[in-house]
Amino acid sequence: MPRLSPALIAGLLCVVTGFASVRAADKVSFATNWKAQAAHGGFYQAVADGTYARYGLDVTILQGGPSVNNRPLLPAGRIDFLMTGNLLHSFDNVKNGVPTVVVAAIFQKDPQSLVAHPGQGYERWENLRNAPVAFIAKDAQFSWWQWLKVTHGFRDESLKPYNYNLGPFLSNARSIQQGYAVAEPIYVENQGKFKPVVHLLADHGFSTYSTVIETRTETVAKRPELVQRFVDASILGWVHYLYGDRRLANAAMRRDNPEMTEAEIEASVALMKSQGIVDSGESLETGIGSMRDARIRDFHAQMVKAGLYKAGDVDLAKVATLQFVNRKVGLEEKARLTQGAMPKAPAK
Amino acid sequence: MNPAAPSVKLDHVSRRFASGLLALEATSLTVAPGEFVSLLGPSGCGKSTILRLLAGLDIASSGCVEAPALDGHGADTAFVFQEPTLMPWATVWQNVWLPLRLAGQGRSQAAPAIDAMLSHVGLADFRNAYPAQLSGGMKMRASIARALVTRPRLLLMDEPFAALDEVTRSRLGADLLNWWAEQQFSLVFVTHSVFEAAYLSQRVLVMSPRPGRIVHELRIDEPSPRTTDFRLSPRYQAICRELSASLEQAQ
Amino acid sequence: MKQPFLRRLLPAATLLALLAGWEVLVRVAQVPDYTLPAPTRIATTLWANLPSLAASWWFTLKITLGALSLACAGGVLIAAAFALVPALELALLPVAIILQVTPVVAIAPLILIYIESTTAALLLCAWIVAFFPILSNTLAGLRATDPNLRDLFRLYRATPLQRLRLLLAPSALPYFIAGLRISGGLSLIGAVTAEMVAGAAGRETGLASRILEASFRTETPKMFAALALLVLTGLLIYLGFNLLSRRLLGRWHASEQR
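These notes cover the structure that comes with them.

What counts, and at which threshold
- Positions within a chain are numbered from 1, following the residues in the order the chain's sequence is written.
- Here chains are named by letter from A upward and ligands by number from 1 upward, in the order in which they appear as written.
- Local features in a predicted model are, by the rule used here, given only for residues with pLDDT of at least 70; side-chain atom pairs are given and counted only at 80 or more, and totals for whole chains, interfaces and linings are based on all residues.
- Side-chain numbers come from the whole structure's heavy atoms, not from hydrogens or water.
- Comment: elements are numbered from the N terminus, with helices defined as DSSP H or I runs of at least four residues and strands as E runs of at least two.
- Think of it in three bands: residues with accessible area under 20% of the maximum for their type are buried, residues over 50% are exposed, and the middle band is partly exposed, with areas taken using a 1.4 Å probe on protein chains only.
- When checking whether two residues touch, look at their non-hydrogen atoms; a contact exists if any pair is within 4.5 Å.
- Residue exposure ignores everything except the shown protein chains as possible cover, and the areas themselves are Shrake-Rupley values with a 1.4 Å probe.
- Residues scored as positive are Lys and Arg, those scored as negative are Asp and Glu, and His as well as the terminal groups of each chain are ignored.
- By convention, the charge on Lys lies at NZ, on Arg at CZ, on Asp at CG and on Glu at CD.
- For the radius of gyration, the atom set is restricted to C-alpha positions; the globular benchmark scales as 2.2 Å times the number of residues to the power 0.38.
- What gets called buried area is simply the loss in accessible area from a 1.4 Å probe that two parts show on being joined, summed for both.
- For this analysis, a salt bridge means a side-chain nitrogen from Lys or Arg found within 4 Å of a carboxyl oxygen belonging to Asp or Glu.
- Pairing between strands is defined by DSSP: at least two bridges between them are needed.
- To define axes, lines are fitted to C-alpha atoms, for helices over the stretch in contact only, and angles between the resulting N-to-C directions are given on a 0 to 180 degree scale.
- For the purposes of these results, a polar contact is taken to be a pair of N or O atoms within 3.5 Å, where, inside protein, one atom must be able to donate a hydrogen and its partner to accept one; residues adjacent in sequence count only when each atom of the pair is a side-chain atom.
- Each Phe, Tyr or Trp ring, with Trp reduced to its six-membered ring, pairs with another whose centre is within 6.5 Å; inter-plane angles below 30 degrees give stacked pairs, above 60 give edge-to-face pairs, and intermediate values give tilted ones.
- Here the nonpolar core consists of buried residues drawn from Ala, Val, Leu, Ile, Met, Phe, Trp, Tyr and Cys, with membership extended through side-chain atoms lying within 4.5 Å.
- The span one expects for a helix is its residue count, reduced by one, times 1.5 Å.
- It is the directions from the helix axis to the C-beta atoms that the arc portrays.
- Here is the rule for handedness: rotate from the far helix to the near one, and if that takes an anticlockwise turn smaller than a right angle the crossing is left-handed, while a clockwise turn gives right-handed.
- Under the scheme applied, nonpolar residues are Ala, Val, Leu, Ile, Met, Phe, Trp, Tyr, Cys and Pro; charged residues are Asp, Glu, Lys and Arg; polar residues are all the others, including Gly.
- Patches draw on residues past 30% relative accessible area with no salt bridge. Two like charges within 9 Å are joined, as are two nonpolar side chains (Val, Leu, Ile, Met, Phe, Trp, Tyr) within 5 Å.

Turning our eyes to something else, we now look at the overall build of chain C. Per the secondary structure count, chain C includes ten helices and zero strands. For chain C, the N- to C-terminal ordering of α and β elements is α-α-α-α-α-α-α-α-α-α. The C-alpha extent of chain C, read off along each of the three principal axes, is 75 × 55 × 30 Å. Taken over 258 residues, chain C has a buried fraction of 44%. Contacts spanning at least 24 positions in sequence make up 71% of the contacts within chain C whose residues lie at least 6 apart. With an accessible surface of roughly 13400 Å², chain C has 72% of that area assigned to carbon and sulfur atoms. A distance of 11 Å separates the average location of the 21 positive side-chain charges in chain C from that of its 11 negative side-chain charges.

Attention now moves to the overall build of chain A. Helices and strands together make up the secondary structure of chain A, namely 15 helices and ten strands. Taking 348 residues into account, the globule formula puts the C-alpha radius of gyration at 20 Å, and chain A, at 22 Å, falls close to it. Principal-axis analysis of the C-alpha atoms gives chain A an extent of 90 × 50 × 35 Å. A burial count over chain A gives 54% of its 348 residues as buried. The long-range share in chain A, meaning contacts at least 24 apart out of those at least 6 apart in sequence, stands at 81%. The centroid of the 39 positive side-chain charges in chain A is displaced by 2 Å from the centroid of its 33 negative side-chain charges.

With that out of the way, let us pick up the interface of chain A and chain C. Contacts between chain A and chain C engage 24 residues on the former and 24 residues on the latter. Sorting the residues of chain A by area buried against chain C places A:Lys138, A:Phe142 and A:Lys160 first, and these three jointly supply 29% of that buried surface. Along the contact surface separating chain A from chain C lie two salt bridges. Here C:Arg217 and A:Asp92 are joined by a salt bridge, their closest N and O atoms 2.9 Å apart.

Another point: the interface of chain B and chain C. Tallying the contact residues gives 26 residues for chain B and 19 residues for chain C. Buried surface at the junction of chain B and chain C, summed over both partners, amounts to about 2100 Å²; 65% is from carbon and sulfur atoms. One can count one salt bridge joining chain B with chain C. Salt-bridge contacts for B:Arg52 lead to C:Asp151; the nearest nitrogen and oxygen are separated by 2.8 Å.

Glancing now at the sheet that holds strand E5 (residues 77-80) of chain B. Residues and elements named next belong to chain B. Ordered by their spatial adjacency, six strands build an open sheet running E5-E6-E7-E3-E8-E9, and the pairing between neighbours is mixed. The open sheet is flanked by E5 and strand E9 (214-219), the only strands paired with a single partner. Going across the sheet, the axis of each strand differs from the next one's by a mean of 15 degrees, ignoring polarity. Pairing analysis gives five bridges linking strand E3 (residues 36-40) to strand E7 (residues 186-191), with the strands arranged parallel. Residue Leu 40 lies in a different strand from E7, and its bridge partner there is Thr 191. Contacts from helix H4 (residues 136-148) reach E5 and strand E6 (154-158) within the one sheet, and its direction differs from that of E5 by about 170 degrees.

Residue and element names in this part refer to chain A. Of all eight residues making up strand E4 (residues 100-107), eight are buried, and the element is well covered by its neighbours. With six bridges connecting them, E4 and strand E10 (residues 210-216) associate as antiparallel partners. Its bridge partner being in E10, Phe 107 is matched across the sheet by Ser 210.

Our next topic: the environment of A:Thr321. Residue and element names in this part refer to chain A. When you line up the elements, Thr 321 lands in the loop between helix H14 (293-305) and helix H15 (331-339). Classification of Thr 321 by relative accessible area gives buried; the value is 15%. Spatially, the C-alpha atom of Thr 321 lies 8.8 Å from that of Met 291, the residues being 30 residues apart in sequence. Thr 321 has contacts with Val 101, Val 102, Val 103 and Met 291, leaving out every residue within four places of it along the chain. A polar side-chain atom of Thr 321 sits 2.7 Å from a polar atom in the side chain of Gln 323.

Our next topic: the pairing of E9(B). Residue and element names in this part refer to chain B. By the bridge criterion, five bridges tie strand E8 (residues 203-207) to E9 in an arrangement that is antiparallel. What sits directly across from Val 206, in E9, is His 216. With antiparallel pairing between neighbouring strands as the criterion, E8 and E9 make up a hairpin whose turn holds six residues.

Here we take up the packing of aromatic side chains. Residues and elements named next belong to chain B. Evaluation of the coordinates by the stated rule reveals 27 aromatic pairs over all chains. Ring geometry for Trp 93 against Trp 97: centres 5.8 Å apart, planes inclined by 55 degrees, an arrangement best described as tilted. With Trp 93 and Trp 97 both in helix H2 (residues 92-102) and four residues apart, this pair spans about one turn of that helix. The burial state of Trp 93 is the same as that of Trp 97; both residues are buried.

Judged by nonpolar contacts, the single largest core of 147 residues is most densely connected at B:Phe79, B:Ile114, B:Leu155, B:Leu187 and B:Leu243. Membership of the second largest hydrophobic core comes to 87 residues, among which are A:Val102, A:Tyr209, A:Met272 and A:Met291.

Bringing helix H8 (residues 234-250) of chain B into the picture now. Residues and elements named next belong to chain B. With 17 residues, H8 extends 24 Å between its outermost C-alpha atoms, agreeing within 8% with the 24 Å of an ideal straight helix rising 1.5 Å per residue. For H8, every residue scored as buried is listed here: Tyr 236, Ile 239, Cys 240, Leu 243, Ser 246, Leu 247 and Ala 250. Each buried residue of H8 lies within a common arc of 135 degrees when the element is viewed along its axis, so the set occupies one face. The outward face of H8, more than 90 degrees from its buried face, is lined by the exposed residues Pro 234, Arg 241, Glu 248 and Gln 249. Packed against the buried residues of H8 are E3, helix H6 (194-200), E8, E9 and helix H7 (228-232).

Another point: the packing of helix H3 (residues 50-84) of chain C against helix H10 (residues 220-249) of chain C. All names here are of chain C. Two numbers describe how H3 lies on H10: the axes approach to 11 Å, and their chain directions differ by 35 degrees. Once H3 is placed against H10, the crossing between them reads as right-handed. Listed contacts from H10 to Leu 53, Trp 57, Thr 60, Leu 61, Thr 64 and Leu 68 of H3 are Ala 225, Ala 226, Leu 229, Leu 230, Leu 232, Thr 233, Ile 237 and Phe 241. For the contact of H3 with H10, the residue count by class is eleven nonpolar, three polar and no charged.

On to the side chain of A:Asn70, then. All names here are of chain A. Within the fold, Asn 70 resides in the loop between strand E2 (57-62) and strand E3 (81-86). Residue Asn 70 is classed as buried on the basis of its relative accessible area of 8%. One polar contact links the side chain of Asn 70 to the main-chain carbonyl oxygen of Gln 63, over a distance of 3.3 Å. When near neighbours in sequence (up to four residues on either side) are disregarded, Asn 70 contacts Ala 31, Thr 32, Leu 62, Gln 63, Gly 64, Ile 79 and Leu 82.

It is worth spelling out a nonpolar patch on the surface at this point. Residue and element names in this part refer to chain C. A grouping of Leu 84, Val 85, Leu 88, Leu 92 and Val 95 is seen on the molecular surface, where their side chains present a nonpolar patch of about 430 Å² in accessible area. The biggest single contributor to the nonpolar patch is helix H4 (residues 86-101), with three residues. By the element assignment, Leu 84 lies in helix H3. Classification of Leu 84 as exposed rests on a relative accessible area of 67%.

Okay, the sheet that holds strand E2 (residues 22-31) of chain B next. Residues and elements named next belong to chain B. Within the open sheet, the three strands sit side by side as E2-E1-E4. Their pairing is antiparallel. In this open sheet, the two edge strands, each paired with only one partner strand, are E2 and strand E4 (62-66). In this sheet, neighbouring strand axes are inclined to one another by 20 degrees on average, regardless of whether the strands run parallel or antiparallel. In this sheet, E2 lies alongside strand E1 (residues 8-16) in antiparallel orientation, the contact comprising six bridges. Its bridge partner being in E2, Val 13 is matched across the sheet by Thr 27. Set on the sheet, helix H1 (residues 47-55) makes contact with E1, E2 and E4; between it and E2 the angle comes to about 60 degrees.

On to the pattern of salt bridges, then. A complete count under the given rule lists 39 salt bridges over all chains for this structure. Residue C:Arg154 pairs with C:Asp151 through a salt bridge whose shortest N-O separation is 3.8 Å. Linking C:Arg154 with C:Asp151, this pair stays in helix H7 (residues 147-155), spanning three residues, or about one helical turn. Here the residues in one salt-bridge network are A:Asp26, A:Arg223, A:Glu225 and A:Arg229, joined through shared partners.

See the structure below:
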């Protein structure tokens, strides 16, 4: 038997592990909570530029939409990871014994806001509660609208359902409606030809994390390395999306949602950056996706005050786990990307 | 015999339908007051058309029709169809009430006439029954009761016994003769049965197939009441033979 | 079938067997509450939330029965108009058909844009779903009058009102009732569908909103409890109209003869 030289051994190992890593790419499904939009950009980026693949993940993104409710798919085992709009959903899950947990918080600020016509006095937040008509969508009616009623004096008399059609709002100057600060204002400007007044709920006490990643507690217990890889790759995807070349990601999103235009996506990204939705506060120190227990507790306390929960309904320890974030993932990459004038291909 | 009875007459009447079909061609006939006349002929010879013209339910294309229904004497004419044509949602009593009710008579006002008529036709025990619960013969009695409750001057009957069995048919025929003798209305009776026309009527008009014309007329002078003896007599058989022959000729 | 007792026993027994099977399945397979709650859990949840669910039930019932009455009135009046004026039918029947086949889930948001009051919008949506069977059946019934009876009424010089009261209305009744039975169920479906799309939270809300609310907040047993009330309503409507049909037609119409 010929002596196996180190080079040969190394080569064999490379082949074997290379083979193994190709065969071992974990198939993972990730469901979002809306049709593809810039607010999902980082995830599409990680698929498009191969970041997930490099972390041994074969990720399929399932879109949500106006009449789609992906939430029950997670506890039912049909998807592996779920994008959730705010922590209220997570509180509800824990309260009802649904075994899911939050593993990362991509948005440091919730873009949920109220938009209004200019020149109607709605430039002041205090006047919004007196609007005769407020268009609020179904799932909001049962969550943060309740908080608005208790904490800020909004009334059910003005509530009208928002069916994701801008028409009623555009035609009634005295009306207000809900909107994603990085989305609706752009559409309003395009269709209504005016710049709406935008009030972020986050600026008035709605301090929840947003676009959090949820998964089953079972997955965290049995395959923590899978969760870690998904979280890390997603964080990197967001870094690349915000600070690097995002054209492939945009193209992927427009394939999923053909009604979205490039201009709308870029305008939305600009807003995400200027409003510090994704990367501000904690994430500047410990990386995108960061979470702090104190903030979760504080938000929960406010919701109890608003009457959405009774004290003791929710076991806060089960809401989120911090083991996968706060590890400064992506900070180096971000520094590298923001130094150069030209967007470069992502480093290995 | 009623001296003031209005006349019942067809004078050179033709009826052409919108489809171009000529149902009747230049037909003339007269019915004397209180007379029992049969119209005998095959299907499609216009017998029903004559009845409908006399009832005012149809309009002649040419010629002149005289009948009580056309003179504004509405209640003077009654019609009995081949189907009993009862209102299925109403009781026998309510069905017989219909002509009186349409003329404005209330329940209590009309009750005596209705009760009397129901007894007369033998349906007194079934006054609260629904048509669905009656036999074919009983339904036809109810239909005749409805027709006679207004004491009409002219009764028009369109093959009324054709759908009934032999026994019921002969019993109803005998009863019809009695009712006719009592009320003395004029009666135009359409049938395709030679035996029925011969046994019941005083005069038989034989008609040819489309376009309808009256091709033969036969008086039957046998007095009323007619009995089974008449049916067995050679005279009856001769009448039938003559009628059958003229029917065949008319084809 | 045999005795009436057995007739009533069989469907009840089947239902109970299904419920029992459901309970056993959930317990044996340890299916979690938030995926599929057991019937006993649904019952306890229903009991615990009875006051608020009952209020929503009442609202849904009001919309359903309100829409049904309007569908009756509208369907019958329009059928009568069509029967009297055939030109009207030629002109408007396509409109009625279009209303019928367009799914109410698609129309409801539009209606809500144009109509201020939510209750009125809900009634309208449920009405659209429910009126067509009554219209088409009643129209058929008005046309199905015995032609000989029609001749008889002409012969006796009946006035139009007499014709309507004594001939047309009774003739059309079995057909109308057939349409009514269909529309009973449809008005419930229409009311629920309309509210799912168009209803608002907070103020008067019906069972559909409660189902949505429970669904969004992952309170699955409560969702099923509200659903159970809806099913019960549908059953009651069905049985109610069965009884009505038997009462009105039992003595004389073929459809009710055994």
